[in-house]
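Residues per chain are reported as follows:
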There are 2 protein chains.
Amino acid sequence: MQRLDAAAADFEQAFAALLDDKRETAADVNDSVAAIIADVRARGDQALIDYTARFDRLPGLTPSGLAIPAAEVDAALARVPAELMAALELAAERIRDFHRRQLPEGYQYTDAAGVRLGCRWTAVQAAGLYVPGGTAAYPSSVLMNAIPAKVAGVGRLVMVVPTPDGQLNPLVLAAARLAGIDEIYRIGGAQAVAALAYGTATIRLVDKIVGPGNAYVAAAKRQVFGAVGIDMIAGPSEILVVADGANDPAWIAADLLSQAEHDTAAQSILITDDAAFGERVAAAVETHLATLPRAAIARESWNAHGAIVTVSHLDQAVALIDRIAPEHLELAVADPDALAAKVTNAGAIFLGRYTPEAVGDYIGGPNHVLPTARSARFSSGLGVHDFMKRTTLLGCDAQSLRAIGPAAVALAAAEGLGAHGLSVALRLNIPRS
Amino acid sequence: MQRLDAAAADFEQAFAALLDDKRETAADVNDSVAAIIADVRARGDQALIDYTARFDRLPGLTPSGLAIPAAEVDAALARVPAELMAALELAAERIRDFHRRQLPEGYQYTDAAGVRLGCRWTAVQAAGLYVPGGTAAYPSSVLMNAIPAKVAGVGRLVMVVPTPDGQLNPLVLAAARLAGIDEIYRIGGAQAVAALAYGTATIRLVDKIVGPGNAYVAAAKRQVFGAVGIDMIAGPSEILVVADGANDPAWIAADLLSQAEHDTAAQSILITDDAAFGERVAAAVETHLATLPRAAIARESWNAHGAIVTVSHLDQAVALIDRIAPEHLELAVADPDALAAKVTNAGAIFLGRYTPEAVGDYIGGPNHVLPTARSARFSSGLGVHDFMKRTTLLGCDAQSLRAIGPAAVALAAAEGLGAHGLSVALRLNIPRS
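Residues numbered from 1 in each chain as written. Chains lettered and ligands numbered in written order. Predicted model: local features only at pLDDT ≥ 70, side-chain atom pairs only at ≥ 80, totals over all residues. Heavy atoms only, no water.

Chain A appears in an unreviewed UniProt entry as Histidinol dehydrogenase from Magnetospirillum moscoviense. Regarding chain A, the UniProt comment filed under Pathway (unreviewed entry) reads as follows: "Amino-acid biosynthesis; L-histidine biosynthesis; L-histidine from 5-phospho-alpha-D-ribose 1-diphosphate: step 9/9." What UniProt records for chain A under Sequence similarities (unreviewed entry) is the sentence "Belongs to the histidinol dehydrogenase family." (UniProt positions renumbered as here; feature names shortened; annotations may be inferred.)

Given below as structure tokens:
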């Protein structure tokens, strides 16, 4: 963890270095991924069966065995403790309620010239959700990715999830059921992405693929982009906590560690106007690390990428926040709304001392799939819009075309596009330029 | 041009081949582009000056000479004929009016548990617009790319445009002025994209880069993506016209050619329920080609990629339209609204016999930057949203955290994320799992 002081002479240099901190070292797996994709396109289901036998140690599948049937989901649900099922249900309900409000509205109007204009939103017809297997199989991610798709109106939502050695977290299936997923297949890796993008005899192709995955999955998503849409490729998680000295240092330390424990490449930053408070947080981090199950990961992240930045006044934090453009921004200050109103770039903002970021990861309602690596400068968290697209509408009749068409003819002539001008001019019975 | 008949036994095969028609052969310029980007990052303005001297034959620039000053724009405006200036002004006004209606609204609410929730939209702080030089310098594209950015509220909108041999279409500068562009630089190619993405002493970096360009520009945009946002990389243009036999074949032929004349890789498809009408259109295409200035390009496109598809009833067209997911969809039929309502996948729809697609390219109001290559299945034309991003807001107090926090603690424990649970449990004074 490094300490930065905004009043220090070398602060700008140190802060710029913090922004440039390259935390990710993606393995180059493009060639193996390209080979897998080509093989799935060529051999379809059999390629999926072969890769699943090899990578997930799950031999002897048949094409019909690729699907996880409803009965298997039912059986998994029966194994989920009631308390957890209730927590998942509450999460699903709150996420659904938050995202329903995002449904965009189109518009239609007829202008003064008599031209009819409009813009309408429709859902993507079919979407695929990648869910990692093993330890990274998070039911919360299933809810966060699937519910916006269903709220958008996606007719067919397909989940793929690898089941290494046949193991699958029953909570993941419970979340899939709650989110309304229509089909589930026990496949993963680049082969699953290829199946979603190009289809096989058993798995019909989709129009868009979302969800997190390892380097192979990320590379596969990049390679199939164009044939299908993809969501953003997420980088390691980040949190920026802005906290004054009136906070409990143990609370803030836990918040910083809740990102650090995700990944050794995660980054946790504290901005405070109270240097002594910052030191108390640093000490509390050490105290927590002694008891946390993922302390080794969290410590490596905190040591390598963590930072405590001291500013002389919290207003100074605004410019720093916008430059960091954090995925998660926690404002543990007396008037969080006033500070939030000054911020432009952040994926999600958590307001006040009683809103730890983790409550948003699970149960708050807003999406936890958020822009990383400073991309909140230009992009948004996952939402209903990601599963919809806009179509514009334009309608002239003879009279309104006469009002606006001649300008199109003039501009087409200026751009040297003769057929463009001709198509308007013929209808107006005028020369094309 | 090929003829397809939906009633033929081999139709499905022929139609699938039409969908798979790979029209684009992108040159692999990734290595040269990577070298140019690295050079601009290392040498800044001097690299821009050197590449501009070499590629645009414009020697002797100084850093301050990279900018096109307002006086030069004024001088260009003075050279634009009044009729064209009026056409550009009408286009700008109509595009602005259409896009203003796209401004998204956020929302805020407090739920039954007392949790405050919200979603707000803010503009990207700075955006860059690439404008190609030479023959592809279209003033209409400047308006279509720049106006949504300004409507979104982008504070700083920067245009880059190469000026080969010092030449620049005055209409492009006029469009830049009308659109409210804040800074213009006489640079192009991968070097201009690098300057926008990483900044130089003279050109401050932006957060998002949009606009069309050649293979070098497209490769540079792909390479800088992540450091900045980019728009979609557009493929060759396409039109799908659905027309019944009551149309004038000459009008429809001109519409098909207005895409074909863009590019030899463009694609024009007609779907009709009247085979004889289709043949009259094919004949009218030949007639038009005899007089069009860009006949060579249009003929190559039409011969290689054009198609006339005959269906027995126009309702049959709907499924074909959705599979093609056309960039431009023209519905030259008696009841275009009824047909449009059945279509899911299309970038822009042009309603009725008096709405040639070219009117939308220039003057209609909707954007002409639209999803190509079947990507209207999952993506949208350029709009105000592309220059904005969403931030979600979540605020608990002690009481509302007590209502929803325990579920987060339970789910964090189930996912094995101890610090997540701890951050909530500490605030509730409960065990973390």
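A.B. asks: I would appreciate a short explanation of the overall build of chain A in the present structure.
C.D. replies: Of the regular secondary structure elements, chain A holds 17 helices and 14 strands. Projected onto its principal axes, the C-alpha positions of chain A cover 80 × 60 × 40 Å. Taking all contacts inside chain A whose residues are at least 6 apart in sequence as the whole, residues at least 24 apart take part in 73%. If you sum the accessible surface of chain A, you get close to 15300 Å²; carbon and sulfur atoms cover 52% of it. Of note, chain A has its 35 positive side-chain charges centred 9 Å away from the centre of its 47 negative side-chain charges. (Helix = DSSP H or I, 4+ residues; strand = E, 2+ residues; numbered from the N terminus. Contact = heavy atoms within 4.5 Å. Areas by Shrake-Rupley, 256 points an atom, 1.4 Å probe, with all protein chains shown as cover. Lys, Arg positive; Asp, Glu negative; His and termini not counted. Charge placed at Lys NZ, Arg CZ, Asp CG, Glu CD.)

A.B. asks: What is the right way to read the UniProt feature "binding site: NAD(+)" (unreviewed entry) in chain A from this model?
C.D. replies: Residue and element names in this part refer to chain A. As recorded in UniProt, the sites labelled "binding site: NAD(+)" (unreviewed entry) are Tyr 130, Gln 191 and Asn 214. For the annotated residues, spread through 85 residues, the largest C-alpha to C-alpha distance comes to 12.8 Å, consistent with a single compact locus. Among the secondary structure elements, Gln 191 is positioned in helix 8 (residues 189-198). When its relative accessible area of 3% is taken as the criterion, Gln 191 is described as buried. What Gln 191 contacts, discounting residues up to four positions off in sequence, is Ile 36, Val 40, Leu 48, Tyr 51 and Phe 55. In this structure, Asn 214 sits in the loop between strand 7 (208-210) and helix 9 (215-224). (Buried < 20%, exposed > 50% of the residue type's maximum accessible area, 1.4 Å probe, protein only.)

A.B. asks: For this particular structure, what's the right way to read the sheet that holds strand 11 (residues 307-310) of chain B?
C.D. replies: Strand order in this open sheet of 9 strands is 2(A)-3(A)-14(A)-13(B)-12(B)-9(B)-10(B)-11(B)-1(B), and the pairing throughout is mixed. Both outer strands of the open sheet, strand 2 (107-110) of chain A together with strand 1 (2-5) of chain B, are each paired with one neighbouring strand and no more. Each adjacent strand pair in this sheet contributes to an overall mean axis angle of 15 degrees, direction not counted. Strand direction decides the pairing type here: strand 1 of chain B and strand 11 of chain B, joined by 4 bridges, are parallel. Within strand 11 of chain B, the position partnered with Arg 3 of chain B by the bridge is Ile 308 of chain B. (Pairing = 2+ DSSP bridges. Axes fitted to C-alpha atoms, helices over the stretch in contact; angles between N-to-C directions.)

A.B. asks: What is the right way to read the relation of the copies chain A and chain B from this model?
C.D. replies: Between the two copies of the chain lies a rotation about an axis combined with a shift along it. When chain A is fitted onto chain B, the two copies agree to an RMSD of 0.0 Å after a turn of 180 degrees and an axial shift of 0.0 Å. Within this description, the copies of the chain are treated as partners about a two-fold rotation axis. Taking C-alpha positions as the reference, the residue of chain A nearest the rotation axis is Pro 104 of chain A, at 4.0 Å. A shared binding surface is used by both copies, with 100% of the interface residues of chain A retained as interface residues in chain B. (Least-squares fit on C-alpha atoms with pLDDT ≥ 70 in both.)

A.B. asks: What is the right way to look at the packing of aromatic side chains in this model?
C.D. replies: Two aromatic rings, taken as a pair, are described by how far apart their centres are and by the angle between their planes. In the structure shown here, the tally under the stated rule is 12 aromatic pairs over all chains. Between Trp 251 of chain B and Tyr 354 of chain B, the aromatic rings sit 5.2 Å apart at their centres with planes inclined by 70 degrees, giving edge-to-face as the arrangement. Placement of the pair is Trp 251 of chain B in helix 10 (residues 249-260) and Tyr 354 of chain B in the loop between strand 13 (348-351) and helix 15 (357-362), with a sequence separation of 103 residues. For Trp 251 of chain B, a relative accessible area of 14% puts it in the buried group. The exposure class assigned to Tyr 354 of chain B is partly exposed, which follows from its relative accessible area of 27%. An aromatic cluster of three or more residues is present, and its members are Phe 98 of chain A together with Tyr 107 and Tyr 109 of chain B. (Phe/Tyr/Trp six-rings, centres within 6.5 Å; stacked < 30°, edge-to-face > 60°.)

A.B. asks: Before we go on, may I ask you to explain the sheet that holds strand 4 (residues 126-130) of chain A in this structure?
C.D. replies: Strand pairing in a sheet takes place through backbone hydrogen bonds and is either antiparallel or parallel in direction. All names here are of chain A. Pairing is parallel in the open sheet, where 5 strands are placed in the order 6-5-4-7-8. Each edge of the open sheet is held by one strand with a lone partner, namely strand 6 (183-185) and strand 8 (229-230). Sheet topology note: the strand 5 (residues 156-160)/strand 6 ladder contains 3 bridges and is parallel. Its bridge partner lying in strand 6, Val 160 is registered against Tyr 185.

A.B. asks: Got a minute to help me understand the domain arrangement of chain A in this structure?
C.D. replies: Size of an interface, as often reported, equals the accessible area lost when the parts are brought together. Under the domain assignment, chain A is made up of domain 1 (2-23 + 235-364), domain 2 (30-104 + 124-230) and domain 3 (396-428). Placing the centre of domain 2 of chain A and that of domain 3 of chain A at their C-alpha centroids yields a distance of 49 Å. (Domains from an automatic or database assignment.)

A.B. asks: Any chance you could explain the pairing of strand 14 (residues 388-395) of chain A here in plain terms?
C.D. replies: Sheet faces and side chains relate simply in a regular strand, where the side chains alternate between the two faces. Burial analysis of strand 14 of chain A places 8 of its 8 residues in the buried class, which makes it a mostly covered element. In strand 14 of chain A, alternate side chains face the same way, and those of Met 388, Arg 390, Thr 392 and Leu 394 of chain A on one face and Lys 389, Thr 391, Leu 393 and Gly 395 of chain A on the other are all buried. Pairing of strand 3 (residues 116-123) of chain A with strand 14 of chain A involves 8 bridges; the strand directions are antiparallel. The partner of Trp 121 of chain A across the bridge, within strand 14 of chain A, is Arg 390 of chain A. Two strands pair when backbone bridges link them, and strand 14 of chain A and strand 13 of chain B are joined in this way by 4 bridges, in the parallel orientation. Across the sheet, residue Leu 394 of chain A finds its bridge partner in strand 13 of chain B, namely Phe 350 of chain B.

A.B. asks: When you look at the interface of chain A and chain B in this model, what are you seeing that I'm missing?
C.D. replies: If you look at the interface, chain A gives 121 residues, while chain B gives 121 residues. Interface of chain A and chain B: buried area, both sides summed, is about 10000 Å²; carbon and sulfur atoms make up 58% of it. Applying the counting rule to chain A against chain B returns 12 salt bridges. For Asp 337 of chain A, the salt bridge is made with Arg 116 of chain B, and the minimal N-O distance between the two is 2.7 Å. Where chain A meets chain B, there are 59 residue pairs in polar contact (both at pLDDT 80 or more). Across the side of chain A that touches chain B, the residue classes break down as 66 nonpolar, 30 polar and 25 charged. (Buried area = accessible area lost by both parts, 1.4 Å probe. Salt bridge = Lys/Arg side-chain N within 4 Å of Asp/Glu carboxyl O. Polar contact = N/O pair within 3.5 Å; in protein donor to acceptor, adjacent residues only side chain to side chain. Nonpolar A, V, L, I, M, F, W, Y, C, P; charged D, E, K, R; others polar.)

A.B. asks: Explain the environment of Ser 237 of chain B here, please?
C.D. replies: All names here are of chain B. Relative to the assigned elements, Ser 237 resides in the loop between strand 8 (229-230) and strand 9 (238-243). Each C-alpha atom of the pair Ser 237 and Thr 264 lies 9.8 Å from the other, and the pair is 27 residues apart in sequence. Among the polar contacts listed, one links the side chain of Ser 237 to the side chain of Glu 327, at a separation of 3.1 Å.

A.B. asks: Could you clarify how one ought to interpret the pattern of salt bridges in this entry?
C.D. replies: Inspection of the entire model under this criterion finds 42 salt bridges over all chains. Close ionic contact of Arg 427 of chain B with Glu 330 of chain A constitutes a salt bridge, the shortest N to O distance being 3.8 Å. Of this pair, Arg 427 of chain B sits in helix 17 (residues 418-428) while Glu 330 of chain A sits in strand 12 (residues 328-332), placing the two residues on different chains. The buried category is assigned to Arg 427 of chain B, whose relative accessible area is 5%. Glu 330 of chain A sits in the buried class, given a relative accessible area of 0%. Residues Arg 186 of chain B and Glu 72 of chain B are paired through a salt bridge, measuring 2.8 Å at the closest nitrogen-oxygen approach. With Arg 186 of chain B in the loop between strand 6 (183-185) and helix 8 (189-198) and Glu 72 of chain B in helix 4 (residues 70-78), this pair connects stretches of sequence that are 114 residues apart. The class of Arg 186 of chain B is buried, set by a relative accessible area of 13%. It is possible to trace a salt-bridge network through shared partners that takes in Asp 39, Arg 43 and Asp 50 of chain A.

A.B. asks: Is there a simple way to think about the layout of surface pockets in this case?
C.D. replies: One simple way to see leftover space: roll a probe sized like a water molecule over the atoms. Within this model, the second largest pocket holds a volume of roughly 380 Å³. Lining the second largest pocket we find 22 residues, and of these Leu 103, Pro 104 and Glu 105 of chain A together with Pro 104 and Glu 105 of chain B sit closest to its centre. Taken together, the elements giving at least two residues each to the lining of the second largest pocket come down to strand 3 of chain A together with strand 3 (116-123) of chain B. A class-by-class count of the residues in the lining of the second largest pocket yields 10 nonpolar, 6 polar and 6 charged. (1 Å grid on protein atoms, 1.4 Å probe; cavity = no way out; pocket = protein on both sides within 12 Å on 5 of 7 lines; lining within 4 Å. Points joined across faces, edges and corners; volume = space filled by probe spheres on them.)

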